[in-house]
Amino acid sequence: MTGDPCEAPTWYGLTCASSGDVSDVVQLQLRTNGLAGSLPTELGEMTEMTSNMDLRSNSITGSIPTELGGMTGMESGFYLNSNSLNNAIPTELGGMTKMSVDVHLYSNSLNSSIPTELGGMTGMESSFALSFNRLSNAIPTELGGMTGMESY
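Presented here is an overview of the structure given in this document. (Residues numbered from 1 in each chain as written. Predicted model: local features only at pLDDT ≥ 70, side-chain atom pairs only at ≥ 80, totals over all residues. Heavy atoms only, no water.)

Here we take up the side chain of N81. Within the fold, N81 resides in the loop between β6 (76-79) and β7 (84-87). At a separation of 3.1 Å, a polar atom in the side chain of N81 contacts the side chain of Y106. Look past the residues within four positions of N81 in its chain and what remains in contact with it is R56, S57, H104, L105, Y106, S107 and N108. (Helix = DSSP H or I, 4+ residues; strand = E, 2+ residues; numbered from the N terminus. Polar contact = N/O pair within 3.5 Å; in protein donor to acceptor, adjacent residues only side chain to side chain. Contact = heavy atoms within 4.5 Å.)

See the structure below:
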């Protein structure tokens, strides 16, 4: 990204919050916007994003960047479902330890085993969805640490 996305004029789909002299992107809403191509690794630099990275129902291709695991402030709403993502689910996503609500990676072409590191999201309470992919092997026992889960 070029420039500060939190400075006027506002960027479409972004929500920012200020703390003193610093503004951070806290939400990215670009659901069903005709986005195509691969995800930029720079998204992982949005470490203060806490809510709703919603990129579902687009035409995003390629791998999920490992850098997205650096979004350590993310608490809810990680939506990459209904795209054309492929390859492995990055183990680094397990570093999103504050995540509690809605991780949706379903309806893609992800084709690996489910990383045991995702069990690091121990605060998950609702909606962890991986269906309609090409995932292999059993569900890792480490996901059992998500003791507050209401739906999978």
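Still to come is the rest of the account.
A separate point is the environment of S38. On the secondary structure map, S38 appears in the loop between β3 (36-37) and β4 (51-54). Sequence-wise, S38 and S59 are 21 residues apart; in three dimensions their C-alpha atoms are separated by 9.0 Å. In contact with S38, not counting residues within four places along its chain, are I60 and T61.

Here we take up unusual backbone geometry. One non-glycine residue, N52, adopts positive backbone phi at about 55°. Tracing the chain through its elements places N52 in strand β4. With a phi close to 60°, F132 is a non-glycine residue in the positive phi region. As for its position among the elements, F132 is in the segment after β10 (126-129).

On to the sheet that holds strand β2 (residues 22-29). With mixed pairing, six strands are arranged side by side in an open sheet as β1-β2-β4-β6-β8-β10. Each of the sheet's edge strands pairs with one partner strand only, and the pair in question is β1 (14-19) and β10. When strand polarity is set aside, the average angle formed by the axes of neighbouring strands in this sheet is 20°. Where β1 and β2 come together, six bridges link them in antiparallel fashion. The residue of β2 that forms the bridge with S19 is V22. (Pairing = 2+ DSSP bridges. Axes fitted to C-alpha atoms, helices over the stretch in contact; angles between N-to-C directions.)

On to the state of the cysteines, then. For the structure shown, the criterion picks out one disulfide. Each disulfide pairs two cysteine sulfurs, and for C6 the partner residue is C16, the sulfurs being separated by 2.2 Å. Between C6 and C16, the disulfide has an S-S torsion of -85° and is therefore left-handed. Of this pair, C6 sits in the segment before β1 while C16 sits in strand β1, and the two are ten residues apart along the sequence. Look at C16 and you get partly exposed, because its relative accessible area is 32%. (Disulfide = S-S within 2.5 Å. Buried < 20%, exposed > 50% of the residue type's maximum accessible area, 1.4 Å probe, protein only.)

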